[in-house]
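# Architecture at a glance
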Amino acid sequence: MTTGTDLYRRTISRDYSMPGSSELMRRTWSTTPWMVEAYTGRSDDDRYTEIRLWCRDQFGAEAFLDREPGAWRSGHATVDGWTWMGFATEEQMQQFLARWPAPNDGLSGPSERSE
């Protein structure tokens, strides 16, 4: 049985061309394979901060590679208002998506636009 989302599977199977990058991505996301592209907003609003605080309140401390186990993780890189978010379970991911939908249905994450 395959665990995680298509985004997770693409992320861990991609060739990143820098030595060690593929392994780092696998280690980074392996505990939070229920990944989504979340609309976290522009850099001049508070949505990303609110999302991270909500995740901490709901799921505990954020996972950090080799330092902190956790049930969720942020990709910490935002492209056009979208950030990867990962969760330990599908249920957590669904909770997140229900609470933090994109502000309108016309928005789509960068990977959806490039496929």
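Let me sum up the structure you'll find in this document. The structure displayed is predicted, hence computed values, not measured ones.

A few words now on the overall build of the chain. Scanning the chain from terminus to terminus reveals five helices and three strands. With 115 residues in all, the chain has 39% of them scored as buried. Considering only contacts in the chain between residues 6 or more positions apart, those separated by 24 or more positions represent 63%. Approximately 7,100 Å² of the chain is accessible, and the part contributed by carbon and sulfur atoms is 49%.

Here the focus is the side chain of Thr-11. Assignment of secondary structure puts Thr-11 in helix H1 (residues 6-13). Polar side-chain contacts of Thr-11 include one of 2.7 Å to the backbone oxygen of Leu-7. Not counting the four nearest positions on each side in its chain, Thr-11 is found in contact with Tyr-16, Met-25, Trp-29, Met-35 and Trp-84.

With respect to the element layout, Thr-28 can be found in helix H2 (residues 21-29). Taking the C-alpha atoms as reference, Thr-28 lies 8.9 Å from Arg-73; in sequence the two are 45 residues apart. Contacts of Thr-28, omitting those with residues within four sequence positions, involve Leu-65 and Arg-73. One polar contact links the side chain of Thr-28 to the main-chain carbonyl oxygen of Leu-24, over a distance of 2.7 Å.

Bringing the sheet that holds strand S3 (residues 82-87) into the picture now. If you trace the three strands from one edge of the open sheet to the other, you get S1-S3-S2, paired in antiparallel fashion. Looking along the sheet, the strands with just one partner apiece sit at the ends: strand S1 (34-39) and strand S2 (72-79). Sheet twist, expressed as the mean angle between neighbouring strand axes with direction ignored, is 20°. Sheet analysis places S1 next to S3, joined by six bridges and oriented antiparallel. Note on S3: the bridge partner recorded for Met-35 is Gly-86.

Take H2 next. Of the residues making up H2, those classed as buried are Ser-21, Ser-22, Met-25, Thr-28 and Trp-29. Taken end-on, H2 shows its buried residues confined to a sector of 125°, consistent with a single buried face.

What follows deals with the packing of aromatic side chains. Per the counting criterion, the structure on display carries seven aromatic pairs. Taken together, a centroid distance of 5.6 Å and an interplanar angle of 90° make the contact between Trp-54 and Phe-59 edge-to-face. Accessibility expressed as a relative area gives 15% for Trp-54, which makes it buried. Residue classification places Phe-59 among the buried residues on the basis of a relative accessible area of 13%. The interplanar angle of 40° and the centroid separation of 5.0 Å between the aromatic rings of Phe-87 and Phe-96 together place this pair among those described as tilted. On the basis of relative accessible area, Phe-87 is assigned to the buried category, the value being 0%. Here the aromatic cluster, defined as three or more aromatic residues joined through ring pairs, consists of Trp-54, Phe-59, Phe-87, Phe-96 and Trp-100.

So, how was this worked out
Residues numbered from 1 in each chain as written. Predicted model: local features only at pLDDT ≥ 70, side-chain atom pairs only at ≥ 80, totals over all residues. Heavy atoms only, no water. Helix = DSSP H or I, 4+ residues; strand = E, 2+ residues; numbered from the N terminus. Buried < 20%, exposed > 50% of the residue type's maximum accessible area, 1.4 Å probe, protein only. Contact = heavy atoms within 4.5 Å. Areas by Shrake-Rupley, 256 points an atom, 1.4 Å probe, with all protein chains shown as cover. Polar contact = N/O pair within 3.5 Å; in protein donor to acceptor, adjacent residues only side chain to side chain. Pairing = 2+ DSSP bridges. Axes fitted to C-alpha atoms, helices over the stretch in contact; angles between N-to-C directions. Arc of directions from axis to C-beta. Phe/Tyr/Trp six-rings, centres within 6.5 Å; stacked < 30°, edge-to-face > 60°.

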